[in-house]
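What the coordinates show
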Amino acid sequence: RAAATVGARSCGDGTWTPPPPRDAFQSLLQAVQGEREIVTVGEPVLRERAQEVAPERINDADVQEVIEEMVETLRGPTAKGIPGTSPRGVGLAAPQVGIPSRVIVLEDVQDEIDKMDPEVVKAQRREAFAAKVIVNPVLEPVGNRTAVFFEGCLSVPGYRGLVERHLEVRCTGLDHKGNDVDFVAKGWMARILQHEVDHLDGTLYVDRMYSRSFRRVDKLDAALPGPNDEFGATPPEGERAGATGFGSGTSAAKGATKTGVKWESAGSMAKRAKKGGGKSMGRGKGKRR
């Protein structure tokens, strides 16, 4: 995607640049360290608001190490051609590896998309994109169109649920080098961004899903439940024109739309970071495998 321009500054889209090749010792050390462990639902870190990273700390060695390990963890053993139990994901937030900092990584690769039904790919508006790293991300909805699709999460393994998300969002923040980020994401990338930024606020997709759609991965093809007096109707997958935000079964039954999302201004975020945000990115509970 082309870089956006804000004022006189050129802003990128957060595309990650891998570090230069390591020497033999560093390569051995990385192989021993491996990827980080993904924490699962029930861990307190997944339910807390993550802290902003001070911009001047982004290029510190410990922060860069965490970012690199998050990318490796997102890709999993399958990215290296190694059969393993850790699947490749499309997005990962720092709290998912036990670190309460506002950092997300995302990537969608063509090899995985090619395994999907072309009609599903088209409906989801899914396109491959290179790995991105966004520090202190802020999202703003663009327009009022939404889409309902099944979502899963590496921290809630084995299950899926229907979630309504904005079809298009603007993302601002900083990249892995501390440079400004400002771009518009559409379709599946927009969904990934919303899912990951939710993690930074202690929110899981199960908090937003149409609860009666919740199911195991192996039951995805089962019919959706019919209307319910208490929880309303479960919508079919697809785009929704003129919707005003995120839905839930309960709000649908009451005839109201529950957005549930706090779109934070960049100014508000900066003020909080100045007051005491940007805490150290500790090693957290995400122990290496």
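Below, the structure is looked at part by part. These numbers come from a predicted model, not from an experiment. (Residues numbered from 1 in each chain as written. Predicted model: local features only at pLDDT ≥ 70, side-chain atom pairs only at ≥ 80, totals over all residues. Heavy atoms only, no water.)

Quick look at the overall build of the chain now. Check the secondary structure of the chain and you find eight helices and eleven strands. Counting all 289 residues of the chain, 46% fall into the buried class. The contacts of the chain with a sequence gap of at least 6 include a subset with a gap of at least 24, amounting to 71%. Carbon and sulfur atoms make up 53% of the accessible area of the chain, which totals about 14200 Å². (Helix = DSSP H or I, 4+ residues; strand = E, 2+ residues; numbered from the N terminus. Buried < 20%, exposed > 50% of the residue type's maximum accessible area, 1.4 Å probe, protein only. Contact = heavy atoms within 4.5 Å. Areas by Shrake-Rupley, 256 points an atom, 1.4 Å probe, with all protein chains shown as cover.)

Considered as a void within the structure, the largest pocket measures approximately 1000 Å³ in volume. As for the largest pocket, its lining consists of 34 residues, of which V90, R126, G152, R160 and W188 are closest to the centre. Secondary structure elements with two or more residues in the lining of the largest pocket: strand 4 (103–108), helix 4 (118–124), strand 6 (146–153), strand 7 (156–166) and helix 5 (187–200). Ranked by residues supplied to the lining of the largest pocket, first place goes to helix 5 with six residues. (1 Å grid on protein atoms, 1.4 Å probe; cavity = no way out; pocket = protein on both sides within 12 Å on 5 of 7 lines; lining within 4 Å. Points joined across faces, edges and corners; volume = space filled by probe spheres on them.)

Before going further, it helps to spend a moment on empty space enclosed by the protein. Counted according to the given criterion, the structure contains one cavity of 30 Å³ or more. Each pocket or cavity is described by its volume, and for the largest cavity that value is around 50 Å³. Looking at the largest cavity, the residues that line it are Q124, A147, F149, R165, H166, L167, G187, W188 and R191. Contributing elements (two or more residues each) for the lining of the largest cavity: strand 6, strand 7 and helix 5. With three residues, helix 5 is the largest single contributor of residues to the lining of the largest cavity.

So, on to the nonpolar core. Ranked by size, the top nonpolar core spans 22 residues in total, and within it I104, L106, I134, F183, A185 and L193 carry the most contacts. Broken down by secondary-structure element, the contributors of at least two residues to this core are strand 4, strand 5 (129–141), strand 6, strand 8 (168–174), strand 9 (180–186) and helix 5. With seven residues, the single largest contributor to this core is helix 5. By size, the runner-up hydrophobic cluster in this structure holds 20 residues, among which are I58, V71, V105 and A131. (Core = buried A, V, L, I, M, F, W, Y, C linked by side-chain atoms within 4.5 Å.)

Before going further, it helps to spend a moment on helix 2 (residues 61–75). For the α-helix, the turn length of 3.6 residues means that residues three or four positions removed from each other point alike. In a regular helix each residue adds 1.5 Å, so 15 residues correspond to 21 Å; helix 2 covers 21 Å between its end C-alpha atoms and thus fits that length. Residues V63, V66, I67, E68, E69, M70, V71, E72, T73 and L74 constitute the buried set of helix 2. In the segment just after helix 2, G76 is the residue with positive phi, at about 70°. (Expected span 1.5 Å × (residues − 1).)

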